[in-house]
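Read off the chains here:
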Amino acid sequence: MTDHPTDGLERRQELYEEAEAAWGREAQLNKAAEEFGEAAAALNRALNGQESRENLLEELADARLMLEQMEWALFDDDEVGAALDEAVANLEARLEVDGDG
Ligand SMILES: [Mg+2]
């Protein structure tokens, strides 16, 4: 698999520390909310056929980075893992009811 500069979780976490030190946690929470909003808007434009794949991917990457940063800033790894496990289990359960599974 190709190496990308963003593959390293350790490097990303260093950057999250730097961002929080530079701008503060509240600013990072605001930035996260902003990026999630931009991703939502890009998805809506995509539904309307008014968004390029390139821009949609860019907005999803922005949101993903802020999502990971918020998990890093606000929760322990164990909490994040447990919440993700629960979300996956909920999806599985919904598919059991609604899907073909
Ligand atoms: Mg953005």
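Higher on the page you've got the structure.
Just so you know, these numbers come straight off a predicted model, no measurement behind them. (Residues numbered from 1 in each chain as written. Predicted model: local features only at pLDDT ≥ 70, side-chain atom pairs only at ≥ 80, totals over all residues.)

For the overall build of the chain, give the residues involved together with the corresponding values.
Assigned secondary structure in the chain consists of 4 helices and 0 strands. Going from the N terminus to the C terminus, the chain shows its helices and strands as α-α-α-α. Relative to the 2.2 N^0.38 estimate, which gives 13 Å for 101 residues, the radius of gyration of the chain is 16 Å and therefore markedly larger than a compact globule would have. Across its three principal directions, the C-alpha atoms of the chain cover 50 × 40 × 35 Å. Counting all 101 residues of the chain, 9% fall into the buried class. Sequence-distant contacts in the chain: of pairs separated by 6 or more residues, those separated by 24 or more amount to 57%. (Helix = DSSP H or I, 4+ residues; strand = E, 2+ residues; numbered from the N terminus. Rg over C-alpha atoms; globule rule 2.2 N^0.38 Å. Buried ≥ 20, exposed ≤ 12 C-beta atoms within 10 Å, placed from the backbone. Contact = placed C-beta atoms within 7 Å.)

Go over the packing of helix 2 (residues 25-47) against helix 3 (residues 53-74), please, and point to the residues and values.
Remark: helix 2 packs on helix 3, axes separated minimally by 8 Å, with the N-to-C direction vectors making an angle of 150°. The handedness of the crossing between helix 2 and helix 3 is left-handed. Residues R25, Q28, K31, A32, E35, F36, E38, A39, A42 and A46 of helix 2 form the contact with helix 3, whose participating residues are N55, L56, E59, L60, D62, A63, M66, Q69, M70 and A73. Of the residues in the contact of helix 2 with helix 3, the class split is 11 nonpolar, 3 polar and 6 charged. (Axes fitted to C-alpha atoms, helices over the stretch in contact; angles between N-to-C directions. Left-handed = near helix turned anticlockwise from the far one by under 90°. Nonpolar A, V, L, I, M, F, W, Y, C, P; charged D, E, K, R; others polar.)

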